[in-house]
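Geometric and topological summary
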Amino acid sequence: QVQLVESGGGLVQPGGSLRLSCVASGSIFSIYAMGWYHQAPGKQRWLVATITSDGTTNYAASVKGRFTISRDNAKNTVYLQMNSLKPEDTTVYYCNARPTQRVTAAQGYWGQGTQVTVSS
């Protein structure tokens, strides 16, 4: 079992920045990939960014150039630096961990979510 705890969400003005953090604990000898997804109420969960254990990253088109995902394997932590935030970035962000490449994100572990609100 892997437990994921997110932090760093909050209220920020348009154009501002936030950094989300997600710490993994439990059976974390190795985690293939970690990532961030967002979900608006009543809608499906969408990928924001992912990073594999070798540092390969993947971003949604809507956040490329504004968000940066990084990972500290020694601390079992993944970060999402969010810059130039827009009101449409407002939603709940969830941390995800895929233990192995065979496990899809949906089958992996999820955090409880952290709310990001971009508003003036």
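In this convention, every chain numbers its residues from 1, walking through the sequence in written order. Two thresholds apply to this predicted model, a pLDDT of at least 70 for residue-level local features and 80 or more for giving and counting side-chain atom pairs, whereas whole-chain, interface and lining totals are computed over all residues. Excluded from the side-chain calculation are hydrogens and water; included are all heavy atoms of the structure.

1. Let's talk about the pairing of strand 7 (residues 67-72)
- Exposure is judged per residue with a 1.4 Å probe applied to protein chains only, and the accessible area is read against the type maximum: over 50% gives exposed, under 20% gives buried, and values in between give partly exposed. Helix numbering and strand numbering both begin at the N terminus, where a helix is a DSSP run of H or I of at least 4 residues and a strand a DSSP run of E of at least 2. Burial of strand 7 is one-sided: the residues F67, I69 and R71 facing one way are buried, the residues T68, S70 and D72 facing the other way are not.
- Whether two strands pair comes down to DSSP finding at least two bridges between them. Relative to strand 8 (residues 77-82), strand 7 runs antiparallel, the two sharing six bridges. Bridge assignment links T68 to a residue of strand 8, and that residue is Q81.

2. Regarding the packing of aromatic side chains
- Planes of paired rings set the category: under 30 degrees apart is stacked, over 60 is edge-to-face and the rest tilted, where pairs are Phe, Tyr or Trp rings (Trp by its six-membered ring) whose centres lie within 6.5 Å. Throughout the structure, instances matching the rule amount to one aromatic pair.
- Look at Y37 and W110: their rings are 5.2 Å apart centre to centre, the planes differ by 70 degrees, and that puts the pair in the edge-to-face class. Residue Y37 is located in strand 4 (residues 33-39), and its partner W110 is located in strand 10 (residues 109-110); the two are separated by 73 residues in the primary sequence.
- The buried category is assigned to Y37, whose relative accessible area is 10%.

3. Here's the deal with the sheet that holds strand 1 (residues 2-7)
- Spatial strand order, 1-3-8-7: four strands in an open sheet with antiparallel pairing. Each of the sheet's edge strands pairs with one partner strand only, and the pair in question is strand 1 and strand 7. Within the sheet, the average angular offset between the axes of one strand and its neighbour, ignoring direction, is 15 degrees. The convention used is that axes are lines fitted to C-alpha atoms, helices contributing only their stretch in contact, and that angles between N-to-C directions extend from 0 to 180 degrees.

4. Side note on the environment of N73
- Relative to the helices and strands, N73 is located in the loop between strand 7 and strand 8.
- Along the chain, N73 and I31 lie 42 residues apart, while their C-alpha atoms are 9.0 Å from each other.

5. Describing the environment of R98
- Within the secondary structure, R98 is located in strand 9 (residues 91-98).
- Placed 72 residues apart in sequence, R98 and G26 show a C-alpha to C-alpha distance of 13 Å.

6. Comments concerning the state of the cysteines
- Any cysteine sulfur atom paired with another within 2.5 Å is treated as part of a disulfide. Here the structure, examined in full by the defined rule, presents one disulfide.
- Note on cysteine connectivity: C22 is disulfide-linked to C95, with sulfurs 2.1 Å apart. Where C22 bonds to C95 through sulfur, the torsion about that S-S bond is close to -85 degrees, and the disulfide is left-handed. With a gap of 73 residues between them, C22 in strand 3 (residues 18-26) and C95 in strand 9 connect regions that are remote in the sequence.

7. Notes on the nonpolar core
- For this analysis, a nonpolar core means a set of buried residues of the types Ala, Val, Leu, Ile, Met, Phe, Trp, Tyr and Cys, connected via side-chain atoms within 4.5 Å. The biggest cluster of nonpolar side chains holds 27 residues, and the ones touching the most others in it are M34, W36, L80 and Y93.
- Mapped onto this core, the elements with two or more residues apiece are strand 1, strand 3, strand 4, strand 5 (46-52), strand 7, strand 8, strand 9 and strand 11 (114-118).
- Sort the elements by how many residues they give to this core and strand 3 lands first, with four residues.

8. What about the pairing of strand 9?
- Counting buried residues in strand 9 gives six out of eight residues, a clear majority hidden from the surface.
- In this structure, strand 4 lies alongside strand 9, joined through seven bridges in antiparallel fashion. Paired with W36 across the strands is C95, a residue of strand 9.

9. Side note on the pattern of salt bridges
- In what follows, salt bridge is the name for a side-chain nitrogen of Lys or Arg lying within 4 Å of a carboxyl oxygen of Asp or Glu. Evaluated as defined, the whole model comprises one salt bridge.
- Taking the shortest distance from any N to any O, the salt bridge between D89 and R66 comes out at 2.8 Å. One end of the pair, D89, is in the loop between strand 8 and strand 9; the other, R66, is in the loop between strand 6 (57-59) and strand 7, and 23 residues separate them in sequence.
- Residue D89 is classed as buried on the basis of its relative accessible area of 6%.

Purely spatial values, then, with no claim about function.
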